[in-house]
Structures are given as structure tokens and as C-alpha cells.
Amino acid sequence: MPQHVAIIMDGNGRWAKQQGKLRIFGHQNGVKAVRTAVNFAAKHQIKVLTLYAFSSENWNRPEAEVSALMTLFMKALDSEVKKLHQNNICLKIIGDKSRFSESLQKRIEQSEQLTSQNTGLILNIAANYGGYWDIVNAAKQLATEVKQGILEIEQITPDRFQQALVTEDQPQVDLLIRTSGEQRISNFLLWQIAYAELFFSSVLWPDFNEEHFAEAIRAYQQRDRRFGGC
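Structure report, in brief. (Residues numbered from 1 in each chain as written. Predicted model: local features only at pLDDT ≥ 70, side-chain atom pairs only at ≥ 80, totals over all residues. Heavy atoms only, no water.)

The next subject is the overall build of the chain. The helix and strand tally for the chain stands at seven helices and six strands. For the chain, the sequential pattern of α-helices and β-strands runs β-α-α-β-α-β-α-β-α-α-β-β-α. For 230 residues, the compact-globule formula gives about 17 Å, and the C-alpha radius of gyration of the chain, at 18 Å, lands near that figure. When burial is assessed residue by residue, the chain has 47% of its 230 residues classed as buried. Taking as baseline every contact in the chain between residues at least 6 positions apart, the subset at least 24 positions apart corresponds to 74%. As presented, the chain carries roughly 12,300 Å² of accessible surface, and 49% of it is formed by carbon and sulfur atoms. (Helix = DSSP H or I, 4+ residues; strand = E, 2+ residues; numbered from the N terminus. Rg over C-alpha atoms; globule rule 2.2 N^0.38 Å. Buried < 20%, exposed > 50% of the residue type's maximum accessible area, 1.4 Å probe, protein only. Contact = heavy atoms within 4.5 Å. Areas by Shrake-Rupley, 256 points an atom, 1.4 Å probe, with all protein chains shown as cover.)

Encoded structure:
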């Protein structure tokens, strides 16, 4: 089994359009698919599951949709965190949280603290996240440490750089899944997916179920991972 699976959850808007509904209806139903994916990952002892919930570019969407997404995020934290805690899942919200409202930032902090000592699945929710931001933020952190005399330039290695990213000491991504038929990375975990296997599913995210997840795992297991070797 892959240690770290990342998923670009794409297709909520198109799914809602097919139902003749507003886009937020698709996002609401996408939460159900999140539960399914988390349960699958925990059941199959995957160590880390990272879900791309809201990119740094998503702020450019219509204001009403962004507002509805923030409300949905708050409600999801309220309704799901206790269940995650009961199932020994450690929740981490990765991304630039400074742009969220104070109430949402507080709710995120409370949720992370509640589950911080759990030893099961690590669930990363990437919110206001962008791969460029992650890498630049890590570079700034290391530059500051060099400036302060904490770190020597020669000590900046790929391993040390990785520790400055939001995923810190977590294993690199083994399998990246994107739903809805799109075949793009979309500025997601650019450093962390350097040697990931990519799996693109035509299924829209709200319809993504355990069998679809299992299909991606089977495809991963059939590949010959060489990490640049012959």
C-alpha cells in the first residue's frame, strides 16, 4: 500500500450542474465523498491522506461561492472532528490560514489540538494552499534561519528543505489521484509529488467511492517505481 495518498477533489461544480443544482450543492455532496475516502484510507492503513479542498487561486471564484465554501468548511469541522478523534485520526489543515476569518482560524486550531495526539491516519486538508506558496514559504523560513545564524547555507539539503514545508516530516506522496477527468497538477504539493505515481479518474468527486479508490490503488501497485533509476 502507498504510505501517502493525495487527492485533487475535482468535479463538484459539474456534478451539481448535471443535477440542475447550484455549485454549492456539489460541494455539499463532496463532503460525503471525503468521508468515504478517509474511511478507506484508515481501513487500509494508509499513513497519510492529503485532500485538496481549497486552493490559493480559488479566492478568484464568485464571492457567493467562496462565502458558501467557508461556511461549509466551518460546518464540516463542527460535524466531523469528533468522529475523526474517536477514530484516532490526526487532522492537520495545511495552507496559509491567515486569510481565513478569526472564527474559522480558531475552529481550525481547536480541531487540530483535539486530534494532535492521535496515532492513526494523518489527514491533511489543504485549504488556501498552493505549491508555489509552500515552496516560497519554506525558502523564506530557511533564509531567516541563515540570517539569524541558526543555520549554515551548507546545511540546506533536500531533507532540510522538506522539513520546512507544511507537510514537514511526513513521507513524500506515493500516489496522486485527480478526479473528473482533468489531467493537471494545479499547483498542488509540487515538491512532495516529485516521484509520485499519477492516477486520473473520470469520476466526478461526489461520486468517488471505495471501489474507485481501490481501482487507483490497484493501478499504483502494478507500476514499477524506479525513482530515476534504470
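Once the structure has been displayed, the description carries forward.
A separate point is the nonpolar core. Core analysis: the biggest nonpolar cluster contains 42 residues, and I7, L49, L123, I177 and F213 have the highest contact counts within it. No other element matches the eight residues that helix α3 (residues 63–86) contributes to this core. Other than its neighbours up to four places away in sequence, L49 contacts V5, I7, A37, V38, A41, L121, I122, L123, N124 and F213. In terms of nonpolar packing, the next biggest core, distinct from the first, is built from twelve residues, A6, V173, L176 and L189 among them. (Core = buried A, V, L, I, M, F, W, Y, C linked by side-chain atoms within 4.5 Å.)

This part is about the packing of aromatic side chains. Under the definition given, this model contains twelve aromatic pairs. With a centroid separation of 4.1 Å and an interplanar angle of 10°, the aromatic rings of Y52 and F188 are classed as stacked. Taken as a pair, Y52 in strand β2 (residues 48–55) and F188 in the loop between β5 (175–178) and β6 (197–200) lie far apart in primary sequence, 136 residues in all. Here Y52 matches F188 in class, with each residue buried. Feature note: the residues F40, W205, F208 and F213 constitute an aromatic cluster, connected by ring pairs. Positioned above the aromatic ring of F25, the side-chain terminus of K21 is 5.4 Å from the ring centre. (Phe/Tyr/Trp six-rings, centres within 6.5 Å; stacked < 30°, edge-to-face > 60°. Lys NZ or Arg CZ within 6 Å of the ring centre and 35° of its normal.)

Here R160 shows up in helix α6 (residues 158–163). Setting aside its immediate chain neighbours within four residues, R160 contacts L142, E145, L151 and Q155.

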